[in-house]
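# Examining the three-dimensional arrangement
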Amino acid sequence: MGALKPWHIAVLVVVLILLFGAKRLPDAARSLGRSLRIIKAETKSLHEDDRDLAEKADAQAGYQPLPPNPAQQQQYAPQQPPQQQYAPQPQQPVDPVQRVRDN
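Along every chain, residues carry numbers that run from 1 in the direction the sequence is written. Per-residue local features are limited, in this predicted model, to residues with pLDDT of at least 70; the limit for side-chain atom pairs, both in listing and counting, is 80 or more; totals at the level of whole chains, interfaces and linings are taken over all residues. As a rule here, side-chain values come from all non-hydrogen atoms in the structure, and water together with hydrogens is ignored.

## Some points on the overall build of the protein
- By the criteria applied, helices consist of DSSP H or I runs no shorter than four residues and strands consist of E runs no shorter than two, each listed in order from the N terminus. Assigned secondary structure in the protein consists of 4 helices and 0 strands.
- Its helices and strands in sequence order give the protein the pattern α-α-α-α, from N to C terminus.
- Each residue is placed in one exposure class: buried if its accessible area under a 1.4 Å probe, protein chains only, is under 20% of its type's maximum, exposed if it is over 50%, and partly exposed if it falls in between. Residue burial in the protein is summarised as follows: out of 103 residues, 0% are buried.
- As presented, the protein carries roughly 10900 Å² of accessible surface, and 59% of it is formed by carbon and sulfur atoms. In these tables, accessible area is a Shrake-Rupley quantity obtained with a 1.4 Å probe, and a residue counts as shielded only by the protein chains included in the view.

See below:
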């Protein structure tokens, strides 16, 4: 039922010729072809960019930092243990409605 038959295509061609005229149809087909070529090139470049990014991400995931040199580690070792810093005591939360009533 939904098959495209030859007479469907013929009717479509006749309607297009009546709407646009015989002179404009080749120009329209040419511009449509250029547009499709541009879209194809852009999508191809997007796929290549994605592939390049994936390769770079895989290559960077394999990098690991070098282990520290024992001589440098002793040179930069702290002389004294770090002093413990005390965090300020958290204050009790104050209800804004109660604060307004108190003032």
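Having seen the model, we can carry on.
## A short note on a nonpolar patch on the surface
- Think of a patch as exposed residues, more than 30% relative accessible area, with no salt bridge, where like charges cluster within 9 Å and nonpolar side chains (Val, Leu, Ile, Met, Phe, Trp, Tyr) cluster within 5 Å. The term salt bridge refers to a side-chain nitrogen of Lys or Arg lying within 4 Å of a carboxyl oxygen of Asp or Glu. Nonpolar side chains collect at one region of the surface, where Trp-7, Val-11, Leu-12, Val-15, Leu-16, Leu-19 and Phe-20 lie side by side and expose about 700 Å² of accessible area between them.
- In this fold, Trp-7 is placed in helix α1 (residues 6–20).
- Here Trp-7 falls in the exposed class, since its relative accessible area comes to 54%.

## What about the pattern of salt bridges?
- This model, assessed by the stated rule, comprises 1 salt bridge.
- Here Arg-30 and Asp-27 are joined by a salt bridge, their closest N and O atoms 2.9 Å apart. With Arg-30 and Asp-27 both in helix α2 (residues 24–61), this residue pair falls 3 residues apart, about one helical turn.
- Under the relative-accessibility criterion, Arg-30 is labelled partly exposed at 45%.
- What makes Asp-27 partly exposed here is its relative accessible area of 45%.

## Quick notes on a negative patch on the surface
- There is a patch of like negative charges on the surface, built from Glu-48, Asp-49, Asp-50, Asp-52 and Glu-55.
- Structurally, the position occupied by Glu-48 is in helix α2. We score Asp and Glu as negative and Lys and Arg as positive, and we do not count His or the chain ends. Charge coordinates come from a single atom per side chain, which is NZ of Lys, CZ of Arg, CG of Asp or CD of Glu.

## As for the confidence of the model for the protein
- Every residue gets a pLDDT, meaning the predictor's confidence in that residue, from 0 to 100. For the protein, the average pLDDT comes to 76, and 61% of its residues sit at 70 or higher.
- Per-element averaging of pLDDT across the protein places helix α3 (residues 70–75) at the bottom with 57 and α1 at the top with 88.

## A short note on α1
- Every helix has an expected span of 1.5 Å times one less than the residues it contains. If you check α1, its first and last C-alpha atoms are 21 Å apart, about what 15 residues at 1.5 Å a residue would give, namely 21 Å.
- Two residues or fewer past α1, Gly-21 is found with a positive phi of approximately 90°.

## With respect to the environment of Thr-43
- Secondary-structure assignment places Thr-43 in helix α2.
- Classification of Thr-43 as partly exposed rests on a relative accessible area of 36%.
- One polar contact links the side chain of Thr-43 to the main-chain carbonyl oxygen of Lys-40, over a distance of 2.9 Å. Polar contact criterion, stated in full: a pair of N or O atoms within 3.5 Å, where within protein one must be able to donate a hydrogen and the other to accept it, and residues adjacent in sequence count only if both atoms are side-chain atoms.

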